[in-house]
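Now for the letters of each chain:
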Amino acid sequence: MKFYRHFPVTTVFASLMLLVLPAAAADQIAMTPAQQKTLGILVAPLADGAHIASKRLPGEIVIPVGQERIVGAGQGGLVDAVFVATGQNVKKGQALAHISSPELVGLQRDYLQALTQIRLSKNTLDRDAELFKDGIIAERRYLTSKSSHEELNWVLGQRRQALKLAGMGDAAIARLESRGEYSSGLTVSSPAGGQVLEQMVTAGQRVDTAMPLFRIGSLAPLWLEIHAPIEVLGSVAEGTPVRIPKYQAEGKIITIIRSINKDDQTMHMRAVISKNAERLSPGQFVEAELATEGRVGKDFSVPKNAVVRSGKESYVFVQNASGFVARKIEVISEQHDRTVISGDLTGNEKIAVTGTVAIKAAWSGSGGE
């Protein structure tokens, strides 16, 4: 004889309902307002995640390449006058110092000798050209005179360039050519406008040729060298806005160096600071924020405590009439004390921002994990 066990109809119906229950219902956490208050659960609306600042990142202010110049001594001698000091703004061509140089007199003498020889050579060449034209001298003699004149031209050019490297300007060289007026010293001039960042010489000091005297830099704009954790790489690109809140300075990322520091696993980024750069100084250490750009209406900013993890997935608890529903989301970036997320959200929801541990415990107890 076969025995048949009879189950109540309600039990069978409940079992069937579990099989066809939507997945979203399994993520529903029933909780009354009184329970929420007792557990210290607070909710807050979603915030737009299209514009959010990162956590503060360390950086150093430096002078951009091409905006810093080292001014050296064009000729050895005695510094008998200094006209500027550290911190002073200078213009291009402004006198910085004066050097009394006996060696400069020798360079001027050599130049005048070469100038005299080139004039004599030119007369000889003109005479031989006429004689060769009349057939009085051979072509070889004419070519020899021409070659000698060209060589002297090269010598004259070399000695003129030596005077310029020593610091003599075109006007001083012209006076030397026309009147034989020697100069016993040279004026060191600024090659560009900017600020004297360092004065490396004082009056009465003897200097050698090419010895550095001043460091001059243009301080607008400035660069910011940022050291950031590699986690920000996915949310930063060239053109990302950068802010230095303490000094209200702003700029943008211009270079992302794809080389990771193996000691602290940080990456190097470079930003150009174009707004309020005058409030900053080279060598200064500052804290900067990256203003990442998200998708308007699709990315949202929430407190870090609002995001919970279950396995490899991330969730937020959206409030509804019955309590909360666990909504799976994707974490876009974590910046400072907030997290940028995206998911099946409209932006009008309110989510739990405190007490998420208690909600997760209730969710886990009802089969959420």
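The structure presented is a predicted model; accordingly, all values stated were derived computationally and were not measured. (Residues numbered from 1 in each chain as written. Predicted model: local features only at pLDDT ≥ 70, side-chain atom pairs only at ≥ 80, totals over all residues. Heavy atoms only, no water.)

### Brief notes about the pattern of salt bridges
Counted according to the given criterion, the structure contains 14 salt bridges. Residue Arg-215 pairs with Glu-68 through a salt bridge whose shortest N-O separation is 2.6 Å. Taken together, the positions of Arg-215 in strand 13 (residues 212-217) and Glu-68 in strand 6 (residues 68-72) put the pair 147 residues apart, joining distant regions of the chain. Several salt bridges share partner residues, and in doing so they unite Arg-56, Arg-243, Glu-287 and Glu-289 into one network. (Salt bridge = Lys/Arg side-chain N within 4 Å of Asp/Glu carboxyl O. Helix = DSSP H or I, 4+ residues; strand = E, 2+ residues; numbered from the N terminus.)

### Digging into the sheet that holds strand 7 (residues 77-82)
Strand order in this open sheet of 4 strands is 10-9-7-12, and the pairing throughout is antiparallel. Edge strands, defined here as strands with exactly one partner in the open sheet, are strand 10 (185-189) and strand 12 (206-207). Here 5 bridges tie strand 9 (residues 95-100) to strand 10, and the two strands are oriented antiparallel to one another. Bridging from a neighbouring strand, Ser-100 pairs with Gly-185 of strand 10. (Pairing = 2+ DSSP bridges.)

### Concerning the environment of Arg-56
Within the secondary structure layout, Arg-56 lies in the loop between strand 4 (51-53) and strand 5 (57-62). Note on Arg-56: relative accessible area 40%, which makes it partly exposed. Taking the C-alpha atoms as reference points, Arg-56 and Ala-288, 232 residues apart in sequence, are found 5.3 Å from one another. (Buried < 20%, exposed > 50% of the residue type's maximum accessible area, 1.4 Å probe, protein only.)

### A few points about the packing of aromatic side chains
Within this structure, the stated rule accounts for 3 aromatic pairs. Here Phe-132 and Tyr-142 contribute two aromatic rings whose centre-to-centre distance is 5.3 Å and whose plane-to-plane angle is 5 degrees, an arrangement assigned as stacked. With Phe-132 in helix 4 (residues 102-133) and Tyr-142 in helix 5 (residues 139-166), this residue pair connects regions lying 10 residues apart in the sequence. With centroids separated by 5.8 Å and ring planes inclined at 80 degrees, the aromatic side chains of Phe-317 and Trp-363 adopt a geometry described as edge-to-face. Of this pair, Phe-317 sits in strand 21 (residues 313-320) while Trp-363 sits in helix 7 (residues 356-365), placing them 46 residues apart in sequence. Cluster of aromatic residues (ring-pair linked, three or more members): Tyr-315, Phe-317 and Trp-363. (Phe/Tyr/Trp six-rings, centres within 6.5 Å; stacked < 30°, edge-to-face > 60°.)

### Notes on helix 4
The terminal C-alpha atoms of helix 4 lie 47 Å apart, and with 32 residues this matches the ideal 46 Å at 1.5 Å per residue to within 8%. Where helix 4 is concerned, the buried positions are Leu-104, Gly-106, Gln-108, Tyr-111, Leu-112, Ala-114, Leu-115, Ile-118, Ser-121, Leu-125 and Asp-128. Considering only its buried residues, helix 4 is in contact with helix 5, helix 6 (170-179) and strand 10. Looking one or two residues past helix 4, Gly-135 carries a phi angle of roughly 75 degrees, positive in sign. (Expected span 1.5 Å × (residues − 1). Contact = heavy atoms within 4.5 Å.)

### Some thoughts on the sheet that holds strand 8 (residues 89-90)
Pairing is antiparallel across the open sheet formed by 4 strands, whose spatial order is 6-13-11-8. Strands with a single pairing partner mark the edges of an open sheet, and in this sheet they are strand 6 and strand 8. Relative to strand 13, strand 6 runs antiparallel, the two sharing 5 bridges. Residue pairing in the sheet places Glu-68 in a bridge with Gly-217 of strand 13.

### Considering the layout of surface pockets
Of the volumes computed, that of the second largest pocket is approximately 150 Å³. Residue lining of the second largest pocket: 13 residues in total, with Val-71, Gly-72, Val-188, Ser-189 and Pro-191 positioned closest to the centre. (1 Å grid on protein atoms, 1.4 Å probe; cavity = no way out; pocket = protein on both sides within 12 Å on 5 of 7 lines; lining within 4 Å. Points joined across faces, edges and corners; volume = space filled by probe spheres on them.)

### Some remarks on the nonpolar core
Across soluble globular proteins, you tend to see nonpolar side chains buried next to one another. Counting 30 residues, the largest nonpolar core has Leu-96, Ile-99, Leu-163, Val-207, Leu-213, Phe-214 and Ile-216 as its most contacted members. For this core, the secondary structure elements donating two or more residues are strand 9, helix 4, helix 5, helix 6, strand 10 and strand 13. The element that contributes the greatest number of residues to this core is helix 4, accounting for 6 residues. Beyond its immediate chain neighbours, meaning those up to four positions away, Val-207 contacts Ala-73, Gln-75, Gly-76, Gly-77, Val-79, Ile-99, Val-201 and Leu-213. (Core = buried A, V, L, I, M, F, W, Y, C linked by side-chain atoms within 4.5 Å.)

### Side note on the packing of helix 4 against helix 5
Axis separation between helix 4 and helix 5 bottoms out at 8 Å; the angle between their running directions is 160 degrees. With respect to their mutual orientation, helix 4 and helix 5 come out roughly antiparallel. Helix 5 is crossed by helix 4, and the crossing has left-handed handedness. Among the residues making up the contact of helix 4 with helix 5, the classes are represented as 16 nonpolar, 9 polar and 9 charged. (Axes fitted to C-alpha atoms, helices over the stretch in contact; angles between N-to-C directions. Parallel < 35°, antiparallel > 145°, perpendicular 65-115°, else oblique. Left-handed = near helix turned anticlockwise from the far one by under 90°. Nonpolar A, V, L, I, M, F, W, Y, C, P; charged D, E, K, R; others polar.)

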